[in-house]
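One letter stands for each residue in the lines below.
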Amino acid sequence: MNLKLRLTILSFLQFFVWGAWLITMANFWFGTKHWDGAQFGAVFGTMGIASIFMPTITGIIADRWVNAERIFAALHILYGIVLFFLPHSADPDSFFYVMLLAMCFYMPTIALANSISYTVLKNSDLDVVKDFPPIRVWGTIGFIVAMWITNLTGNKATEGQFYIAGGVAVFLGIYALTLPKCPPQKLIDKNAPLAEQLGLNAFKLFKDYKTALFFLFSMLLGAALQLTNAYGDVFLSEFEHFPKYADSFVVKRSTIIMSISQVSETLFILAIPFFLKKFGIKKVMLMSMIAWVLRFAFFAYGVPEGFGLSLIVLSCIVYGMAFDFFNISGSLFVETTTDKKIRSSAQGLFMMMTNGFGAVFGSYAAGWAIDKFFTHKFTTASSLSAYLETSPDNPTFLEILKKSFNAMVNQDGTLSSVVMVKDWHNIWLSFAAYALILAVLFAVLFKHKHNPEEISQVKH
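Cut-offs applied
Residues numbered from 1 in each chain as written. Predicted model: local features only at pLDDT ≥ 70, side-chain atom pairs only at ≥ 80, totals over all residues. Heavy atoms only, no water. Salt bridge = Lys/Arg side-chain N within 4 Å of Asp/Glu carboxyl O. Helix = DSSP H or I, 4+ residues; strand = E, 2+ residues; numbered from the N terminus. Buried < 20%, exposed > 50% of the residue type's maximum accessible area, 1.4 Å probe, protein only. Polar contact = N/O pair within 3.5 Å; in protein donor to acceptor, adjacent residues only side chain to side chain. Contact = heavy atoms within 4.5 Å. Phe/Tyr/Trp six-rings, centres within 6.5 Å; stacked < 30°, edge-to-face > 60°. Lys NZ or Arg CZ within 6 Å of the ring centre and 35° of its normal. Core = buried A, V, L, I, M, F, W, Y, C linked by side-chain atoms within 4.5 Å. pLDDT = per-residue confidence, 0-100.

So, the pattern of salt bridges
In the structure shown here, the tally under the stated rule is four salt bridges. Here Lys-422 makes a salt bridge to Glu-238, at a shortest N to O gap of 3.3 Å. Taken as a pair, Lys-422 in strand E2 (residues 414–422) and Glu-238 in the loop between helix H11 (227–237) and helix H12 (249–252) lie far apart in primary sequence, 184 residues in all. With relative accessibility at 15%, the residue Lys-422 sits in the buried group. A salt bridge links Glu-389 to Lys-244; its shortest N-O distance comes to 2.4 Å. Taken together, the positions of Glu-389 in the loop between helix H16 (381–387) and helix H17 (395–405) and Lys-244 in the loop between H11 and H12 put the pair 145 residues apart, joining distant regions of the chain. Classification of Lys-244 by relative accessible area gives partly exposed; the value is 44%.

Structural data, given as C-alpha cells:
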C-alpha cells in the first residue's frame, strides 16, 4: 500500500474515534442523563487533565525506549475498551473517572500520530510541510464522517456514540501495528544526566523567552479550543426550547450543522503551507485568534432562521482557520525550533499546554461561569414564555415544558419546578471578549521575525 495512503488511513481513524462522541456528548449528558453544567465542565476537563502529563510521558518513552507505533497501538486498544464501559456509569462522579481513564489513553495519541507521520515522511525523504497537511486533512474528514454517522443513526444522545468510537479505536490499534517502524531515536548518550535521559530537557524550553511566551499563549488559547466542542452542539439543540424553532433543521440535525466546522478545517489545512511561508508563525497565530473572536461572536447572534442562520454557518466556516492555524502551525513551530533529540517530548509539551492546562482551565472556568452567571432560573410560566418568545398558553410551549424540563404550569401560573435555561447569547459574547484580549496581547508581546527558510527546514 502507498505510504501516504497508509498515513492517511491513520489520520482518518485517529480523529474518527474522537469525533463519534466529542461534539454530541453534551446531548447525552444534558438531554439523556440530565446532569448539571458544572459537572459537565469537570468531565470535559478530563481531556485537559490527561493532556497535562500523558503526552509528555509517552513522548519521552517514544524518544528513549519503545517504538512510537507500538505505544500508539496499545493506547488505542485500551481507549476503545474503556469506551465500552463509559455509558454504563451510574452517576456523574463515576462517569468522570471512567472518562479520565479513557482520556489518559487517547490524548497522547494525538501527538504520537503527528510524530509517527513526521518520522515516516522524513525517513522517506518527503517534505513534511508540503506532504503532511494533505494527510492530516483526512483526520478532519474522519471526524466529520463520525459526526454524521452518530447523528444519522440516531445516536447523538445515546450510548451508541461511545460504542461506535470504541469499536473503531480497537481496529485502529491493530492497524497501527502494520505501519513502518518508528524506533526510538536514542540520540541521548547513556552516560548523560538522568533528567536528560528521561527527556525532561524539553522543559528547558521555558528558559527561552520567546518559546516560553509561545507556550503561555498556547495554554491561554487552548482554553478556548474546546469550548465550542463542548457546548456547540448542545447550543444548537437547545433552540428546541423556543417553539418557533423547535422543528427546525438546525435542531434536528445540529451535529450535521456543526460538521461544517470540520469541512472548513479541510480547506484551511490545505492552505497552511501557503500562509506559513508567506506570513510566518506570528501572523498565522494571530489570524487564528481573530478567527476565534469571530467564531464566538457569530454564534452569539445566530438563530436557526434567516440572517441568524447565516451567522451560524459563518461561525462554522471561520472555525477552520481558528482551529487549524493554531494547532498545525503551533506543531510545526515546535518542530522547527527544538533539537531533534527532544522533538517527541517537545510535541508532548505543546499538547500539555494546549489540551492540558489550557483545556482544564477553560473547561472548569466555563462550566462554573455558565452555571453562576449565564443560567436563568424561571419560576413562572409568563416569565419563561416571554424569554422563549411565545405565550404561556402556546400548546407547543406547554409540550416543550413537559418534555424538556419535566415541569407543568400550576393554576396560579407558577411552574411545578424551577426551569433553568442557558443564556447562550452572553455566553458566546464573553468567550469572544476573552479571545479578543488574547489577540491584542499576543500581537504586542510575541516577537518573531518571519523566515521562510525556517519553515522549509522542517523536512530535514
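Here the narrative resumes, following the displayed structure.
Some details on the side chain of Thr-375
Mapped onto the fold, Thr-375 is located in strand E1 (residues 375–380). From its side chain, Thr-375 meets the backbone oxygen of Ile-370 in a polar contact 2.6 Å long. Residues in contact with Thr-375, not counting those within four places in the same chain, are Ile-370, Met-420, Val-421 and Lys-422.

Things to note about the packing of aromatic side chains
Counted according to the given criterion, the structure contains 43 aromatic pairs. Considering the side-chain rings of Phe-296 and Phe-431, the 5.5 Å spacing of their centres and the 65° angle between planes classify their relative orientation as edge-to-face. With Phe-296 in helix H13 (residues 254–300) and Phe-431 in helix H18 (residues 424–445), this pair connects stretches of sequence that are 135 residues apart. Each member of the pair, Phe-296 together with Phe-431, is buried. Between the NZ or CZ atom of Arg-136 and the centre of the ring of Phe-15, over which it lies, the distance is 4.2 Å. One residue, Lys-372, lies across the ring of Phe-373, its end atom 5.8 Å from the ring centre.

Considering the nonpolar core
Judged by nonpolar contacts, the single largest core of 145 residues is most densely connected at Trp-18, Trp-21, Tyr-79, Phe-95, Met-103 and Tyr-231. Considering each element in turn, this core owes the most residues, 18 residues, to helix H6 (residues 92–123).

Re the side chain of Lys-422
A distance of 3.3 Å separates the side chain of Lys-422 from the side chain of Glu-238, its partner in a polar contact. The contacts of Lys-422, once residues within four sequence positions are left out, are Phe-30, Glu-238, Ile-370, Phe-374, Thr-375, Tyr-387 and Ile-427.

Considering the confidence of the model for the protein
Looking at the protein, the pLDDT average stands at 85 and 91% of residues meet or exceed 70. Per-element mean pLDDT across the protein ranges from 55 in helix H19 (residues 452–456) up to 96 in helix H8 (residues 160–176).

Regarding unusual backbone geometry
Only a minority of non-glycine residues have a phi that is not negative, and only a minority of peptide bonds are not trans. Non-glycine residue Asp-125 carries a positive phi angle of around 60°. Here Asp-125 lies in the loop between H6 and helix H7 (128–152). Take Asp-125: its relative accessible area is 70%, and that puts it in the exposed class. At Asn-406, a residue that is not glycine, the phi angle is positive and equals roughly 55°. Examined against the element boundaries, Asn-406 turns out to sit in the loop between H17 and E2. Relative accessible area serves as the criterion here: at 67%, Asn-406 is assigned to the exposed category.

Side note on the environment of Gly-280
Locating Gly-280 in the fold gives a position in helix H13. By relative accessible area, Gly-280 is classed as buried at 1%. Considering only alpha carbons, one finds Gly-280 and Ser-329, 49 residues apart in sequence, at a separation of 9.1 Å.

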